[in-house]
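# Structural description and commentary
Residues per chain are reported as follows:
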Amino acid sequence: MMIYKILLIGAILIFILELFIGPRFLGMETGNIGLFVGLMMLCTVIGHLLKRLS
């Protein structure tokens, strides 16, 4: 269960860095790689939660 909490926190951090902090403060462009990784981490966590509920 702890690994899913770590994945969820990592996905949230990726989204924050990719969409808010990077473009505004670091001058980075938003790319698809970070968003894809964040979405895959979220899908893993949601899949685990759905398995636990059923």
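Just so it is clear, the model here is predicted, and its values are computed rather than measured.

## Examining a nonpolar patch on the surface
On the surface, Leu8, Ile12, Ile16, Leu17, Leu19, Phe20, Ile21, Phe25, Leu26 and Met28 cluster together into a nonpolar patch covering about 920 Å² of accessible area. Mapping Met28 onto the fold places it in the loop between helix H1 (2-26) and helix H2 (32-53).

## A short note on H2
Taking 1.5 Å per residue, 22 residues should reach 32 Å; H2 reaches 31 Å between its end C-alpha atoms and fits that length. Turning to H2, its buried residues number three or more, namely Gly34, Gly38, Met41, Val45 and His48. The buried side chains of H2 occupy one side of the element, clustering within an arc of 90° when seen end-on. In H2, those exposed residues whose orientation departs by more than 90 degrees from the buried face are Asn32, Ile33, Phe36, Leu50, Lys51 and Leu53. Packed against the buried residues of H2 are H1.

## So, the side chain of His48
If you trace the backbone, His48 turns up in helix H2. Aside from chain neighbours lying at most four places away, what touches His48 is Met1 and Tyr4.

## Comments concerning the packing of H1 against H2
In contact at an axis separation of 9 Å, H1 and H2 are set at 150° when each is read in the N-to-C sense. The angle between H1 and H2 falls in the class roughly antiparallel. As H1 packs across H2, the resulting crossing turns out to be left-handed. Together, Tyr4, Leu7, Leu8, Gly10, Ala11, Ile14, Phe15, Glu18 and Leu19 of H1 and Gly34, Leu35, Val37, Gly38, Leu39, Met41, Leu42, Thr44, Val45 and His48 of H2 make up the contact between the two elements.

## A closer look at the side chain of Glu18
Secondary-structure assignment places Glu18 in helix H1. Residue class for Glu18 comes out buried when judged on its relative accessible area of 15%. Setting aside residues no more than four positions away along its own chain, Glu18 makes contact with Pro23, Glu29, Thr30, Gly31, Gly34 and Leu35.

Calculation notes
Residues numbered from 1 in each chain as written. Predicted model: local features only at pLDDT ≥ 70, side-chain atom pairs only at ≥ 80, totals over all residues. Heavy atoms only, no water. Patch = residues over 30% accessible without salt bridge, like charges linked within 9 Å, V, L, I, M, F, W, Y side chains within 5 Å. Areas by Shrake-Rupley, 256 points an atom, 1.4 Å probe, with all protein chains shown as cover. Salt bridge = Lys/Arg side-chain N within 4 Å of Asp/Glu carboxyl O. Helix = DSSP H or I, 4+ residues; strand = E, 2+ residues; numbered from the N terminus. Expected span 1.5 Å × (residues − 1). Buried < 20%, exposed > 50% of the residue type's maximum accessible area, 1.4 Å probe, protein only. Arc of directions from axis to C-beta. Contact = heavy atoms within 4.5 Å. Axes fitted to C-alpha atoms, helices over the stretch in contact; angles between N-to-C directions. Parallel < 35°, antiparallel > 145°, perpendicular 65-115°, else oblique. Left-handed = near helix turned anticlockwise from the far one by under 90°.

Note that all results are geometric; they support no functional claim without further evidence.
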